[in-house]
Amino acid sequence: MTVPEQDPAVSAARMVSSFLEQRKEQIAQRWADTPLFRSVFTVSRDEAVEACTAVVDALSEVAADGRLEDIGAPGFTPVRDQLGRMTQNRARSGYAPSQIADEVAALRLPVMGLLREEFADPAAPQAQECVLALTLLLGTLRLVVMETALDANTELIERQRQQLLEVATPVIKLWEGTVAVPLIGTLDSARSQVVMESLLEAIVDQRARYAILDITGVPTVDSLVAQHLMKTVAAARLMGAECIVSGIRPAIAQTIVQLGIDLGSVLTRSSLADALAYALGRQGIEVSRAHADASAR
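*Asks:* Please explain the pattern of salt bridges as it appears in this structure.
*Replies:* In the structure shown here, the tally under the stated rule is nine salt bridges. For Glu21, the salt bridge goes to Lys24, with nearest N and O atoms at 3.4 Å. Glu117 serves as the salt-bridge partner of Arg23, at 3.4 Å between the closest nitrogen and oxygen. Taken together, the positions of Arg23 in the loop between helix 1 (8-22) and helix 2 (24-31) and Glu117 in the loop between helix 7 (108-116) and helix 8 (125-168) put the pair 94 residues apart, joining distant regions of the chain. Under the relative-accessibility criterion, Glu117 is labelled exposed at 53%. Among the charged side chains, a network of salt bridges with common partners joins Glu21, Lys24 and Asp57.

Put into structure tokens, the structure is as follows:
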């Protein structure tokens, strides 16, 4: 391995790039047996070797650019998704981030042994420079793996959060043309948006003329929550449905008055049952209570 006279660090980076390109098949074969790759590609070893080869190619490109410590180097782009899937697989198996980082660090030993074979004297300055360059490069790979894993986990958590929001805000068909959203827990901007979207979709799908927002299970109402309710009511009206807010408890009613929030344009009822009775009555369906003596017969 020879290169023209130049800065030792640049020379070492290019030598490492050349080494990785020339010995990538051997490196891939050795890496395919490490826990990081073997745990993911369990069906076929050839798939593991192919994945390892792609990572070696990425490292070679990064080294050729001389960006040994740059986790944003373009060379890493093609393998980021693959590295993310690998780390997610380990995380699902119960591995902590530190254990995953150790598995990435374990890739160093097989490739370092091959690098030292390139030099007649492994203790020579040029050999030491290449060892240092490869160490820096593999350290950067370790950071890329952890960053990719964190990004993937963040996306997964966000998807799960969105799914939980949708599950926590079901739209129920109470009667033909009447739907309801029973709200339980704290309302924030994200959840309020899900409520609005789910309700509007239900209005269209069910051709609902009446939509009930029941806030019996909402512990507190502040100005922000009130604004979200007003926006949802307005959006439902634009879709051709009359919106009714039910379940306003005495404490919440006092809070709304104290905050000076004007709900005068919003139709309200004390309970979900009253709201449903109103909606049914507007559709010409009479709701009456059976007499106690009649039920006893």
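Anyway, onward from the coordinates.
*Asks:* Can you walk me through helix 1 in this structure?
*Replies:* Counting along an α-helix, one turn takes 3.6 residues, and residues three or four places apart therefore face a common direction. Helix length check: helix 1, at 15 residues, gives a terminal C-alpha distance of 21 Å against a target of 21 Å (1.5 Å per residue), a fit within 8%. Those residues of helix 1 lying buried are Ser11, Ala12, Ala13, Met15, Val16, Ser17, Phe19 and Leu20.

*Asks:* When you look at helix 2 in this model, what are you seeing that I'm missing?
*Replies:* Within the sequence span of helix 2, burial applies to Lys24, Ile27, Ala28 and Trp31. All buried residues of helix 2 lie within an arc of 100° about the axis, which places them on one face of the element.

Reading the values: the criteria
- For every chain, the first residue of its written sequence is number 1, and the numbers climb from 1 along that sequence.
- For a predicted model such as this one, the threshold for reporting local features is a pLDDT of at least 70, and the threshold for listing and counting side-chain atom pairs is 80 or more; totals across whole chains, interfaces and linings nevertheless cover every residue.
- For the side-chain quantities, the full set of heavy atoms in the structure was used; hydrogens and water were omitted.
- In the sections that follow, a salt bridge refers to a side-chain nitrogen of Lys or Arg positioned within 4 Å of a carboxyl oxygen of Asp or Glu.
- Secondary structure elements follow DSSP: runs of H or I no shorter than four residues count as helices, runs of E no shorter than two count as strands, and numbering proceeds from the N terminus.
- Between buried and exposed lies partly exposed: a residue is buried under 20% and exposed over 50% of the maximum accessible area for its type, with that area taken using a 1.4 Å probe on protein chains only.
- What a helix is expected to span follows from its residue count: subtract one and scale by 1.5 Å.
- The directions considered for the arc are those from the helix axis to the C-beta atoms.

Keep in mind that these numbers describe shape and distance, not what the molecule does.
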